[in-house]
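Residue-level listing of the chains:
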Amino acid sequence: MKKTFLILVITVLFAFPVTANVFQDADVSIGIGLGDSAHLTTRLDLDRTMSAVFNVGFGYGQAGGLYFRPQYQHAMSELEFDIDIMRFYPYVGAAVPMAFGGDGFDLGVSGVAGLSYYFANAPLEIYVEALPGMRLMKAGEINAGFGIGGGIGLRYILGR
């Protein structure tokens, strides 16, 4: 089952660039991140303030195996700020980190607090985020606990 799922994920990741021209008018970005997991990330902007994000990779802090983190982001446009001539965009949200490792299934619930910077002359976003949250399951058993994760990443914005 794990091998089949991993093959499916790899196939989708290789097929995505071929179909990227479908998203030329959509606000879709793809990239990589590193922190509580080493992951590939995709963000779909639903409107000017809301985004859906999906991360898939291999986790360090959870089970150490296959890692998924769907999350919702809400841009805090009233809190945007400049440092010198660079404009930063803060956001908040919620995430559901899941990991499938050798020990079993891990599940948690996290808040998301992040900061993005969009390059003016390139279709790139760099971000840093913190994920304070609560673990609900560890190794397939109910085992509550608090923790914090986070990371940094880079996304390429398609169609820009």
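Residues numbered from 1 in each chain as written. Predicted model: local features only at pLDDT ≥ 70, side-chain atom pairs only at ≥ 80, totals over all residues. Heavy atoms only, no water.

J.: Got a minute to help me understand the overall build of the chain in this structure?
T.: Along the backbone of the chain there are one helix and 10 strands. Seen in sequence order, the chain has helices and strands lined up from the N terminus as α-β-β-β-β-β-β-β-β-β-β. Expressed as a percentage of the 160 residues in the chain, the buried residues total 34%. For the chain, the accessible area works out to roughly 9,400 Å², and carbon and sulfur atoms hold 69% of it. (Helix = DSSP H or I, 4+ residues; strand = E, 2+ residues; numbered from the N terminus. Buried < 20%, exposed > 50% of the residue type's maximum accessible area, 1.4 Å probe, protein only. Areas by Shrake-Rupley, 256 points an atom, 1.4 Å probe, with all protein chains shown as cover.)

J.: I'm lost on the pattern of salt bridges in this one. Help?
T.: Should the charged atoms of two oppositely charged side chains come close, the side chains can pair. The final tally for this structure, using the stated rule, is five salt bridges. Residues R43 and D45 are paired through a salt bridge, measuring 2.7 Å at the closest nitrogen-oxygen approach. Of the residues examined, D45 reaches a relative accessible area of 22% and is grouped as partly exposed. The shortest N-O distance in the salt bridge between R69 and E129 comes to 3.0 Å. Here R69 is found in strand β4 (residues 66–75), whereas its partner E129 is found in strand β9 (residues 124–138), with 60 residues between them in sequence. In this structure, R69 and E129 share a single accessibility class: buried. (Salt bridge = Lys/Arg side-chain N within 4 Å of Asp/Glu carboxyl O.)

J.: Looking at this structure, I do not really get the nonpolar core. What am I missing?
T.: For soluble globular proteins, the rule of thumb is that nonpolar side chains tend to be buried together. Counting five residues, the largest nonpolar core is built from Y91, A95, V112, Y127 and L131. If you list the elements that add at least two residues to this core, you get β6 (86–95) and β9. When sequence neighbours within four positions are dropped, the list of residues in contact with Y127 reads I32, G33, H39, T41, Y91, L115, S116, G151, I152, G153, L154 and R155. (Core = buried A, V, L, I, M, F, W, Y, C linked by side-chain atoms within 4.5 Å. Contact = heavy atoms within 4.5 Å.)

J.: Please explain the side chain of R43 as it appears in this structure.
T.: With respect to the helices and strands, R43 occurs in strand β2 (residues 37–45). Its relative accessible area of 4% is what places R43 among the buried residues. Polar side-chain contacts of R43 include one of 2.7 Å to the side chain of D45. In this structure R43 touches D27, V28, S29, S51, A52, V53, Q73, Y118, E125 and R155, once residues within four positions along its chain are discounted. (Polar contact = N/O pair within 3.5 Å; in protein donor to acceptor, adjacent residues only side chain to side chain.)

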